[in-house]
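Topology and contacts: notes
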Amino acid sequence: MTLPALQNTGVIYRRILSQFPQDISLAFAYGSGVFKQHGTSQGQMEKNMLDFVFAVDDPVTWHTMNLLQNRRHYSILKILGPTKISSIQNDYGASVYYNTLVPADGRIIKYGVISTDSLIDDLMHWKTLYVAGRLHKPVKMLVQNENGKLRAALVSNLKSAVMASFLMLPESFTEEELFLQIAGLSYAGDFRMKIGEDKSKVSNIVKDNIQHFRILYSNILRDCPQVVYKPPQGRLEVDKSPEGQFIQLMALPRTLQQRITKLVDLPGKNRDVEEILLQVAQDPDCGAMVHQGLWKTVSYSSKKLMKMWKGWKRKQSVSQTS
């Protein structure tokens, strides 16, 4: 399979991608090595790690090929073989297998591998919000095949981010306030924001990338009947009536809806989701319940993933010499 043509993509990304098996359904680069963040100079940006995610239809085959091409990228887990690596990828953490601190074309990179099916599931349902959350923010899309289901899931993920953010914002707000809310969705409940990450991380992501966020969300905002969008003024007004909030709640991904209903439904009552969300829509604390539902989703997946990362990083230095 030949690599699809990369539109408006720097040579460095083409060179790095050429070092990997080409059976990739979606590939994107993200993070502070790709998009300038507030307070970071161009020189600092070029020293930052480049982060990638590769979605692949057949993880076992892809890891088999990558172990032949790039065995040194893997931790000691490489001795278990591609089938076990794929099992670890699918069954633990956020369904992503990361190789990190990899030298590539004069840069240090980290890349995560996720199955196309797992990616679609996260985009549609926010089971972990790990890769879906990264795709709420601007990314450099490098490869995207003609998978219609994946394309629809990518759009659905952006619409869900808008709806969740509407529920946590006041009736009137600025574009920047909306983009700050969207960019922060996947950090709600991420314990790294408390113990290691820069507390202004979300603000730094948004401030120098407002135009990138506009490109990502402007069509969705213009077409959304729940909001009045005024691009010249950079302001929005959202429907905060119980009826409006009910529509927004019903448009949320399934996992988030389930987490919200568990906050409200009394043990043993077992009411249906629609009935519970109608109650939530009329509650003054509706936005707080949405935030708490997000917190539970992100905290669960981030703790599992960080535990795995620590194990991999301990073994990485040993494996680099084997």
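Residues numbered from 1 in each chain as written. Predicted model: local features only at pLDDT ≥ 70, side-chain atom pairs only at ≥ 80, totals over all residues. Heavy atoms only, no water.

Turning next to helix α11 (residues 210–223). If you check α11, its first and last C-alpha atoms are 20 Å apart, about what 14 residues at 1.5 Å a residue would give, namely 20 Å. Maximal helix bending in α11 amounts to about 50 degrees, located at Tyr217. Buried within α11 are the following residues: Ile210, Phe213, Tyr217, Ser218, Ile220 and Leu221. Against the buried residues of α11 lie α7 (148–168), α8 (175–184), α10 (201–207), β7 (227–230) and β8 (235–238). (Helix = DSSP H or I, 4+ residues; strand = E, 2+ residues; numbered from the N terminus. Expected span 1.5 Å × (residues − 1). Bend = angle between axes of the 7 residues up to and from the residue. Buried < 20%, exposed > 50% of the residue type's maximum accessible area, 1.4 Å probe, protein only. Contact = heavy atoms within 4.5 Å.)

Soluble globular proteins tend to bury their nonpolar side chains together. Membership of the largest hydrophobic core comes to 67 residues, with the highest contact counts inside it found for Phe166, Tyr217 and Leu249. With 11 residues, α7 is the single largest residue contributor to this core. Residues in contact with Tyr217, not counting those within four places in the same chain, are His136, Leu158, Ala161, Val162, Phe179 and Ile182. Grouped together as the second largest cluster of nonpolar side chains are 27 residues, Ile16, Ile85, Ile88 and Val143 included. (Core = buried A, V, L, I, M, F, W, Y, C linked by side-chain atoms within 4.5 Å.)

This next bit is on the sheet that holds β7. Reading across from one edge, β6-β8-β7 is the order of the three strands in this open sheet, with antiparallel pairing throughout. Edge strands, defined here as strands with exactly one partner in the open sheet, are β6 (172–174) and β7. Strand after strand, the sheet turns through a mean of 20 degrees between neighbouring axes, direction not considered. Pairing between β6 and β8: three bridges, direction antiparallel. Paired with Ser172 across the strands is Glu237, a residue of β8. (Pairing = 2+ DSSP bridges. Axes fitted to C-alpha atoms, helices over the stretch in contact; angles between N-to-C directions.)

So, about the side chain of Thr297. Of note, Thr297 is situated in helix α15 (residues 286–319). For Thr297, a relative accessible area of 3% puts it in the buried group. Setting aside residues up to four positions removed in sequence, Thr297 forms contacts with Trp126, Lys127, Thr128, Leu129, Thr255 and Arg259.

Before going further, it helps to examine the packing of aromatic side chains. Tallied over the entire structure, the rule returns 13 aromatic pairs. A network of ring pairs unites the aromatic residues Tyr13, Phe20, Phe52, Phe54, Trp62 and Tyr111 as a single cluster. Between the NZ or CZ atom of Lys110 and the centre of the ring of Tyr98, over which it lies, the distance is 5.6 Å. When the ring centre of Tyr130 is taken as origin, the NZ or CZ atom of Arg134, which lies over that ring, is 3.9 Å away. (Phe/Tyr/Trp six-rings, centres within 6.5 Å; stacked < 30°, edge-to-face > 60°. Lys NZ or Arg CZ within 6 Å of the ring centre and 35° of its normal.)

What follows covers unusual backbone geometry. Residue Ser95 is not a glycine yet carries a positive backbone phi of 65 degrees. Within the secondary structure layout, Ser95 lies in the loop between α4 (82–91) and β3 (97–104). Not every positive phi belongs to a glycine, and Asp105 is a case in point at roughly 55 degrees. As for its position among the elements, Asp105 is in the loop between β3 and β4 (107–115).

Pairing is mixed across the open sheet formed by five strands, whose spatial order is β3-β4-β2-β1-β5. At either end of the open sheet lies a strand with only one pairing partner, and these are β3 and β5 (140–144). Shown here is a sheet whose adjacent strand axes are inclined to one another by a mean of 20 degrees, direction ignored. Its contacts with the sheet put helix α3 (residues 59–70) on β2 (50–56), β3 and β4, and the angle it makes with β4 is roughly 150 degrees. Contacts from α4 reach β3 and β4 within the one sheet, and its direction differs from that of β4 by about 80 degrees.

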